[in-house]
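As a plain string of letters, each chain reads:
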Amino acid sequence: MSRISRREFLGGIGTAAVAAGASTLLKPLPMEAKTFATTSGAPGTIKVGYAAITWGSDGRKAIEDISAVGFHGIQLRADAIKQFQPAELRDLLQQHGLTFVALSSGDLRIDPAQEADDLALHTANAKFLHDSGGLYLQIIDKPPKDRTITAADYKRLGQLLTEVGKRSSDMGIPLGYHNHMGTLSERPENLDQILEAADPRYVKLELDVAHYLQGGGDPVKAIHKYHDRLLFLHLKDVRDADPSTPDVKGPYQWVELGRGRVNLPGVVEALHQVGFRGWTVVELDRVPDKSGTPKESAEINKKYVEDKLGLTLQA
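Everything numeric in this text was worked out from a predicted model, so none of it was measured.

### Let's talk about the overall build of the chain
- A tally of regular secondary structure across the chain gives twelve helices and ten strands.
- Long-range contacts, defined as pairs at least 24 residues apart, comprise 76% of the intrachain contacts of the chain with a sequence gap of at least 6.
- Looking at the chain as shown, the accessible area adds up to about 13,600 Å², and 49% of this sits on carbon and sulfur atoms.

### Concerning the sheet that holds strand 4 (residues 136–142)
- Strands sit in the order 1-2-3-4-5-6-7-10 around a closed barrel of eight strands; the barrel is parallel. Recorded for the sheet is a direction-independent mean angle of 30° between the axes of neighbouring strands.
- Where strand 5 (residues 175–178) lies against strand 6 (residues 204–208), three bridges are found, and the strand directions are parallel. Among the inter-strand pairings, Gly-176 is bridged to a residue of strand 6, identified as Lys-204.
- Where helix 6 (residues 112–131) meets the sheet, its contacts fall on strand 3 (99–109) and strand 4, and the angle it forms with strand 3 comes to roughly 175°.

### Here we look at unusual backbone geometry
- One non-glycine residue, Asp-146, lies in positive phi territory at about 60°.
- Mapped onto the fold, Asp-146 is located in the loop between strand 4 and helix 7 (151–169).
- Residue class for Asp-146 comes out exposed when judged on its relative accessible area of 82%.

### Considerations on the packing of helix 3 (residues 59–69) against helix 12 (residues 294–307)
- At their nearest, the axes of helix 3 and helix 12 sit 10 Å apart, and the two run at 30° to each other. For the crossing formed where helix 3 meets helix 12, the hand is right-handed. Mapping the contact onto sequence places Asp-65, Ala-68 and Val-69 in helix 3 and Lys-295, Ala-298, Glu-299 and Lys-302 in helix 12.

Calculation rules
- Residues numbered from 1 in each chain as written.
- Predicted model: local features only at pLDDT ≥ 70, side-chain atom pairs only at ≥ 80, totals over all residues.
- Heavy atoms only, no water.
- Helix = DSSP H or I, 4+ residues; strand = E, 2+ residues; numbered from the N terminus.
- Contact = heavy atoms within 4.5 Å.
- Areas by Shrake-Rupley, 256 points an atom, 1.4 Å probe, with all protein chains shown as cover.
- Pairing = 2+ DSSP bridges.
- Axes fitted to C-alpha atoms, helices over the stretch in contact; angles between N-to-C directions.
- Buried < 20%, exposed > 50% of the residue type's maximum accessible area, 1.4 Å probe, protein only.
- Left-handed = near helix turned anticlockwise from the far one by under 90°.

In short, geometric facts, not functional conclusions.
If you want it as structure tokens, here you go:
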């Protein structure tokens, strides 16, 4: 099967053509393939958005509440693709004064039987993000099950991320790899291997400070280490789980900012020190207090961002 060019894709080739184009993996791309910048905004500007994940699949309610609380940026989950047409979403976000900071594009698998489908999926997601007026594509990986992870797996993931990044960059969409518990990048030393295997022109880091801490790393040091590769960040907090707390599974729990173990003031200071200018996104997977609401948690996080971190929710 011959591979279509990404330029043809951008000209309007449909989903079937995207899948066909993904059948030939990691083929060298034209030299004119665009790279992307790691930062945006005025020098020294740190912008703060909010992730819709706390609202589950209710994207409209997330948009309404995040805007009402006072944030000016939002990260949406991939289920937004089923809920909205790109023009509809772009108009809705504009009405609520929200920048579409990032789309959570889902998993990237290193299973050879799944690679073509995943490349086609993330290429299509990047197109949706572009057409909706969004900025960044976020990807995590899904490790193979029931076998030992090898050095070749980290290398392969880096290669696949590079291919996705090349495709998305042709649309003007930078790719950020999200370090995450339960993935190949769970440990800081493994994240190193993945980033070393990925082309830095096409694969940047979406650093989640809580996942990095929970995986055994120091997010302040990570900011200095990866300062030239940071695309955007998740401001997030985590604490040791209380076994007596209902519905809490595992040894840790995601919580509102300032209620966990992450040195968030140190994170922000490090961002200033390296001259980061761009977006951070506050993320909370679910409301820790079952009597609370996602909006109430967002208000708690806003207060901490402004009062303790000294950041403003500027447009």
